[in-house]
Amino acid sequence: MIGAKPGAWIYLLVLLNLLISLKVEGFDVPVTLVQDAVAKGAVCLDGSPPAYHFAPGFGSGVNNWLVHMEGGGWCSNVEECKERTKNFRGSSKYMKQLSFSGILGNKQTSSPDFYNWNKVKIRYCDGSSFTGDIEAVNPATNLHFRGARVWRAIMDELLAKGMNKAQNALLSGCSAGGLASILHCDSFRDLLPAGARVKCFSDAGFFIDAKDVSGKESIKDFYGQVVTTHGSAKNLPSSCTSSFPPSMCFFPQYVVQSMRTPLFILNAAYDAWQIKNILAPSSSDPSKVWGECKLDIKKCSSSQLQVLQDFRSEFLRALPANSPSIGLFMDSCYSHCQSGAQQTWLSSNSPAIDKMSIAKAVGDWFYGRSAVQKIDCPYPCNPTCVNREID
């Protein structure tokens, strides 16, 4: 690069090394479009076919299935949903191959308990955590609210691929996908052989029912709009909606009380997305007092840190009571989604509680090698934390 300043060269070298490390970390998996789903009305927000990525199992893992649901927030009204149709959050037209790593890795050293399983990543293009189903399509917007149909269509395809013979299966997801793994957990269990070991794993999907810093119930109002816009009520777990209003059943704390299927909850106690969008959304902080704190927890004032500690306490109270079927790993990191990247899932410097990595915790719980109920000490006690937000 003729005429480039030395600093520019250093930046390019750092960027190149980062790209190389990311490439080495995972392996590329092509996208599969479910064209047959269109006839069933199982489509993305823009009417395009749903999609997933599939890496076949091998060796002793050929009859084991790891199904991971992509995250990406929600859309609560026509304007927000229309915006999503301009990218892969609402249209498969923009989807390309993805790199699998972390829990989806294919090497024994990177994911010892799941490396040779059939691995699937379901793309998220409906904006409702796969719960919406409204038949009518307004020609003025051409929006299709069909997340629940997308879920069923992809399940049908995977069952036909051999998942109907699964011996072990884990439904996982990150963020909005982590919420989806809870909402669809029992129905996933019911699709598979009665003798199979079937469990669910939610990464950064345990969104809590909490007021924001202004005292408003912003997230509760938002979820109510999501449920109404997408017609989600009839597709939420009936075990929850029989006791709570449908919009409340977007909060895992009300769903897990009546779940039948074992669940592992992985979450940061100071979940970066929840701090930014549930505790201190922009609407609650017009003066932007929380601006720097939300970007970097180290820049929070002492009073803001106390609010964060109170949020952590509220989070702990929302968790299900001790149960042998519930696995738990709640670290004190400022992060969101920790199972999809090798650095946080399993590496020499990945987050740990009592010297246990996330990968070992999930594997021990899934195979019943030990009960896992790990709750970290309060921030900033854990030097192994990696602060990152990633799906």
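Bear in mind that the values here come from a model prediction, so they are computed numbers and not experimental data.

Definitions and cut-offs
Throughout this description, residue numbers start from 1 for each chain and increase along the sequence as written. Reporting of local features is limited, given that this is a predicted model, to residues whose pLDDT is at least 70; pairs of side-chain atoms are given and counted only at 80 or more, and all residues count toward the totals for whole chains, interfaces and linings. Based on all heavy atoms of the structure, the side-chain values leave hydrogens and waters out of the count. Where helices and strands are cited, they refer to DSSP runs of H or I of at least four residues and of E of at least two residues respectively, numbered from the N terminus. For this measure, only C-alpha atoms enter the radius of gyration; the expected value for a globule follows 2.2 Å times N^0.38, where N is the number of residues. Note on exposure labels: buried denotes an accessible area under 20% of the residue type's maximum, exposed denotes more than 50%, and partly exposed covers the range between, all computed with a 1.4 Å probe on protein chains only. Contacts are assigned to residue pairs that have any heavy atoms within 4.5 Å of one another. With residues, only the protein chains shown are counted as cover, and all accessible areas are computed by Shrake-Rupley using a 1.4 Å probe. As used throughout, the charge tally considers Lys and Arg to be positive and Asp and Glu to be negative, leaving His and the chain termini uncounted. For charged residues, the charge sits on one atom: NZ in Lys, CZ in Arg, CG in Asp, CD in Glu. Think of a salt bridge as a Lys or Arg side-chain nitrogen and an Asp or Glu carboxyl oxygen that are within 4 Å of each other. Pairing between two strands is assigned when DSSP locates at least 2 bridges connecting them. Between rings of Phe, Tyr and Trp, where Trp is taken as its six-membered ring, a pair exists when centres lie within 6.5 Å; planes separated by under 30 degrees are stacked, by over 60 edge-to-face, and by other angles tilted. Geometrically, a charge over a ring is one whose NZ (Lys) or CZ (Arg) sits within 6 Å of the ring centre while staying within 35 degrees of the ring normal. Here an angle of 0 to 180 degrees is reported between the N-to-C directions of two axes, which are lines fitted to C-alpha atoms, with helices fitted over the stretch in contact. For classification purposes, angles smaller than 35 degrees are called roughly parallel, those larger than 145 roughly antiparallel, those between 65 and 115 roughly perpendicular, and all remaining angles oblique. Classification convention: Asp, Glu, Lys, Arg as charged; Ala, Val, Leu, Ile, Met, Phe, Trp, Tyr, Cys, Pro as nonpolar; all other residues, Gly among them, as polar. Confidence of the predictor at the level of single residues is given by pLDDT, which spans 0 to 100. Here, the term disulfide refers to a pair of cysteine sulfur atoms separated by no more than 2.5 Å.

1. Some points on the overall build of the protein chain
Counting its regular elements, the protein chain contains 13 helices and 13 strands. The C-alpha radius of gyration of the protein chain comes to 21 Å, within 12% of the 21 Å expected for a compact globule of 391 residues. Buried residues in the protein chain amount to 56% of all 391 residues. Restricting to contacts in the protein chain with at least 6 residues of sequence separation, those with at least 24 account for 75%. When the accessible surface of the protein chain is summed, it comes to about 16500 Å², and 56% of that surface belongs to carbon and sulfur atoms. The protein chain carries 38 positive and 33 negative side-chain charges, and their two centres are separated by 4 Å.

2. Some points on the pattern of salt bridges
By the definition in use, this model includes 15 salt bridges. Across the salt bridge formed by K374 and D354, the nearest N and O atoms sit 3.2 Å from each other. Within this pair, whereas K374 is found in strand β13 (residues 373-375), its partner D354 is found in the loop between β11 (352-353) and β12 (356-357), the two being separated by 20 residues in sequence. The class for K374 is buried, based on a relative accessible area of 19%. For D354, a relative accessible area of 62% puts it in the exposed group.

3. Focus on the pairing of strand β8 (residues 197-203)
For β8, the buried fraction is high: six of the seven residues fall into the buried class. Sheet analysis places strand β7 (residues 168-174) next to β8, joined by seven bridges and oriented parallel. Following the sheet pairing, C174 is matched in β8 by D203. Summarising the sheet, β8 and strand β9 (residues 263-268) pair through four bridges and their orientation is parallel. Counterpart to F201 in the pairing with β9 is F264.

4. Let's talk about the packing of aromatic side chains
Here the distance between the centres and the angle between the planes together describe a pair of aromatic rings. Per the stated rule, a full pass over the model turns up 25 aromatic pairs. Look at F54 and W65: their rings are 5.7 Å apart centre to centre, the planes differ by 15 degrees, and that puts the pair in the stacked class. One end of the pair, F54, is in strand β3 (residues 51-55); the other, W65, is in strand β4 (residues 64-69), and 11 residues separate them in sequence. Note on F207 and W273: the rings are 5.4 Å apart at their centroids and 80 degrees apart in plane angle, and the pair reads as edge-to-face. Of this pair, F207 sits in the loop between β8 and α6 (218-230) while W273 sits in helix α9 (residues 272-279), and the two are 66 residues apart along the sequence. In this pair, the class of F207 matches that of W273, namely buried. Each member of the aromatic cluster is reached from another via a ring pair, and the members are W74, F207, F222, Y223, F244, F250, F251, Y254 and W273. Between K199 and the ring centre of W365, over which it is positioned, the NZ or CZ distance is 4.9 Å. A cation sits over an aromatic face here: K199 above F366, 5.6 Å from the ring centre.

5. Topic: the pairing of β3
Burial runs high along β3: five of the five residues are buried. The alternating pattern of β3 places A51, H53 and A55 on one face and Y52 and F54 on the opposite face, and all of these are buried. Pairing of β3 with strand β6 (residues 118-122) involves four bridges; the strand directions are antiparallel. Looking across to β6, one finds that F54 is bridged to V120.

6. Topic: the packing of α9 against helix α11 (residues 302-318)
Here α9 crosses α11 at 100 degrees, and the two axes come no closer than 12 Å. For the element pair α9 / α11, the angle class is roughly perpendicular. Judged by residue contacts, Q274, I275 and L279 of α9 engage V307, L308, F311 and F315 from α11. Residue composition of the contact of α9 with α11, grouped by class: six nonpolar, one polar and no charged.

7. Observations regarding the confidence of the model for the protein chain
Detailed reading of the predicted model is not advised wherever pLDDT is low. This prediction gives the protein chain a mean pLDDT of 93; 93% of its residues lie at or above 70. Of all the helices and strands in the protein chain, helix α1 (residues 6-25) carries the lowest mean pLDDT, 43, while β4 carries the highest, 99. The low-confidence segment residues 1-24, where pLDDT is below 50, has four contacts with residues more than four positions distant or belonging to other chains.

8. Concerning the side chain of N64
Relative to the helices and strands, N64 is located in strand β4. According to the relative accessible area criterion, N64 is buried, its value standing at 5%. Residues within four places of N64 in sequence aside, it is in contact with W117, N118, Q167 and N168.

9. What to know about the state of the cysteines
According to the stated counting rule, one finds eight disulfides in the structure shown. The partner cysteine of C333 in its disulfide is C385, sulfur to sulfur 2.2 Å. What sets the handedness of the C333 and C385 disulfide is the S-S torsion sign, and at about -85 degrees it is left-handed. Placement of the pair is C333 in the loop between β10 (326-331) and α12 (342-345) and C385 in the segment after β13, with a sequence separation of 52 residues.

10. Points about unusual backbone geometry
In this model, Y379 is joined to P380 through a cis peptide bond whose omega is 10 degrees. Relative to the elements of secondary structure, P380 occurs in the segment after β13. We note that S129 has phi near 55 degrees; this positive angle belongs to a residue other than glycine. Its place among the elements puts S129 in the loop between β6 and α3 (147-161). On the basis of relative accessible area, S129 is assigned to the buried category, the value being 0%. Even without being glycine, D354 reaches a positive phi, approximately 55 degrees.

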